[in-house]
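# Observations on the model geometry
This is what each chain is made of:
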Amino acid sequence: IEKGGFPHFMLKEIFEQPETIKNAMRGRLIPATGDVRLGGLDMTEEQLRDVKRILLIGCGTSWHAGLIGEYMIEEKTRIPVEVEYASEFRYRNPVIEEGTVVFAISQSGETVDTLAALREAEKRGARCMGICNVVGSTIARESHAGVYIHAGPEIGVASTKAFTSQITVLALLALVFGRLRTISSSEGQKIIQALMRVPDQVAEILTMHEEIRKIAEEYYHHNNFLYLGRGANYPVALEGALKLKEISYLHAEGYPAAEMKHGPIALIDENMPVVFICPHDNAYQKIVGNICEVKARKGKIIAITNEGNSEVVEMADHVIYIPRTLDFLYPILAVIPLQLLAYHIAVLRGCNVDQP
Ligand code: BG6
């Protein structure tokens, strides 16, 4: 467990992501039929078909992964999904019915809130699974079954590579359940082809490392940031804001872009940098309107988007391009620039990046 020539473990782990995302998929894809094999679930096809409701529980970045998983699984399987803060779930009186499966998402597999929530769900008869990184961790051992994300040791306190591997595993989960319900073999093949391209696309985004450092140089003296996204990119906005908060002690808030007019818009001025996650997905035209609103209030705009989105390029002060992929896979790509932005702002502010 060395830094491998990187100044911080966090930066090393950010750059490991092309490999770690590959490892999350290794041996689990069946491109020929558009299927995914997750043996660790230890459930027959009939048991998988009988699942009526899915609960995703976690804390911090793992909770954000769950929010993205909700979009993926509901869209691809039509199974109702709820995401709960483990720290809330453990103290309230949750409803667990027949056919409910609970996935505890935890990189360390030791977070006490998540372990307590898992035990609470188990007590109420739910089938409990772990989505963990550390093999043999308490949550992994106490779950009935589960899926390891194989991201390797994550030393940086601010989770990066574990997050993208959690989302990758949740995409695989959506395919496992989806292929037994609404996803055809050909659509499954299309999704698998797109998934197999993600590691190289992440590597391509990482080549913009220096460009993102220059953007950080322009903004590291600001004290407040707003991150905005729509759909599955709203949890990416939450994650980008959390990364910045966790390691640079700046105030940053993630918000659904559509909700900005109901309050946060009052905060926008030239001192409030606004990061938009706005790839060319099904919400693109709507989020262009939100960018106009920020522009009208002299907000400084940093946009994460795709080549060719001229409306965004005209309005944004800085544009970071990400490759095109399927709408529901954009979160894996869109978070990479936000990890690098948070890292460089923290370094420029002299913060202890690995142990905030
Ligand atoms: C927090 C960390 O303490 O725990 C976050 O700062 C992390 O980065 C959260 O996401 C949950 O940890 P885990 O190991 O359960 O995923």
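Before reading on, note that the structure itself is shown above.
For the structure given in this document, a descriptive report is provided here. (Residues numbered from 1 in each chain as written. Predicted model: local features only at pLDDT ≥ 70, side-chain atom pairs only at ≥ 80, totals over all residues. Heavy atoms only, no water.)

## With respect to the pairing of strand β4 (residues 81-85)
Put simply, the rule reads: If DSSP finds at least two bridges between two strands, the strands pair. Numbering of helices and strands runs from the N terminus, with a helix taken as a DSSP run of H or I at least four residues long and a strand as a DSSP run of E at least two residues long. A clockwise course of the path from the first strand over the helix to the second, judged with the strands pointing away from the viewer, identifies a crossover as right-handed.
Of the strand pairs in this sheet, strand β3 (residues 53-58) and β4 are connected by five bridges, and their pairing is parallel. Note on β4: the bridge partner recorded for I54 is V81. Read as a crossover between parallel neighbours, the route from β3 over helix α4 (residues 60-77) to β4 is right-handed.

## Considerations on the sheet that holds strand β11 (residues 300-305)
To be explicit about the condition: Axes here mean lines fitted to C-alpha atoms, for a helix over just the part in contact, with angles spanning 0 to 180 degrees between N-to-C directions. The contact criterion used is simple: two residues touch if any of their non-hydrogen atoms lie within 4.5 Å.
Taking strand neighbours across the sheet as the criterion, the five strands line up as β9-β8-β10-β11-β12 in an open arrangement whose pairing is parallel. Pairing within the sheet leaves two strands with one partner each, and these edge strands are β9 (251-256) and β12 (318-321). Direction aside, neighbouring strands of the sheet carry axes that sit 20° apart on average. Bridge analysis of strand β8 (residues 224-229) against strand β10 (residues 273-277) gives four bridges, and the strand direction is parallel. Pairing of G229 across the sheet is with I277, part of β10. Contacts between helix α12 (residues 284-296) and the sheet are confined to β8, β10 and β11, with β10 contributing the most and set at about 170° to the helix.

## Digging into the site of the ligand
So the rule is basically this: The criterion for a residue being near a molecule or strand is simple. One of its heavy atoms has to lie within 4 Å of it. For the purposes of these results, a polar contact is taken to be a pair of N or O atoms within 3.5 Å, where, inside protein, one atom must be able to donate a hydrogen and its partner to accept one; residues adjacent in sequence count only when each atom of the pair is a side-chain atom. Each accessible area value is a Shrake-Rupley result obtained with a 1.4 Å probe; residue values ignore everything except the protein chains displayed when judging cover. Amino acids outside the nonpolar list (Ala, Val, Leu, Ile, Met, Phe, Trp, Tyr, Cys, Pro) and the charged list (Asp, Glu, Lys, Arg) are all regarded as polar, and Gly is one of them.
In the vicinity of the ligand, the contacting residues are C59, G60, T61, S62, S106, Q107, S108, T111, V157, S159 and E246. Here an oxygen atom of the ligand sits 2.9 Å away from a polar atom, N or O, in the main chain of T61. Separating an oxygen atom of the ligand from a side-chain N or O atom of E246 is a distance of 2.7 Å. A total of 390 Å² of accessible area belongs to the ligand in isolation, and the protein chains cover 75% of it. Among the elements that line the shell around the ligand, the one with the most residues is α4, at three residues. Split by residue class, the shell around the ligand holds two nonpolar, eight polar and one charged.

## Describing unusual backbone geometry
What counts, and what does not: Burial status follows relative accessibility: with a 1.4 Å probe on protein chains alone, a residue under 20% of its type maximum counts as buried, one over 50% as exposed, and anything between as partly exposed.
Of note, D42 is a non-glycine position whose phi angle comes to about 55°, a positive value. Not every positive phi belongs to a glycine, and K298 is a case in point at roughly 60°. Structurally, the position occupied by K298 is in the loop between α12 and β11. Taking the relative accessible area as the measure of exposure, K298 reaches 58% and is therefore exposed.

## Notes on the pattern of salt bridges
As a reminder of what qualifies: Here, a salt bridge means any side-chain nitrogen of Lys or Arg that lies within 4 Å of a carboxyl oxygen of Asp or Glu.
Evaluated as defined, the whole model comprises 20 salt bridges. Residue R53 is joined to E97 by a salt bridge in which the shortest nitrogen-to-oxygen separation is 3.2 Å. Highlighted residues: R53 in strand β3 and E97 in the loop between α5 (86-89) and β5 (100-106), separated in sequence by 44 residues. A salt bridge links K243 to E246; its shortest N-O distance comes to 3.3 Å. Of the two residues, K243 and E246 both sit in helix α11 (residues 233-248), three residues apart, roughly one turn of that helix. With relative accessibility at 1%, the residue K243 sits in the buried group. Residue E246 is classed as partly exposed on the basis of its relative accessible area, which comes to 25%. What you see here is one network of salt bridges that share partners, running through E210, R213, K214 and E217.

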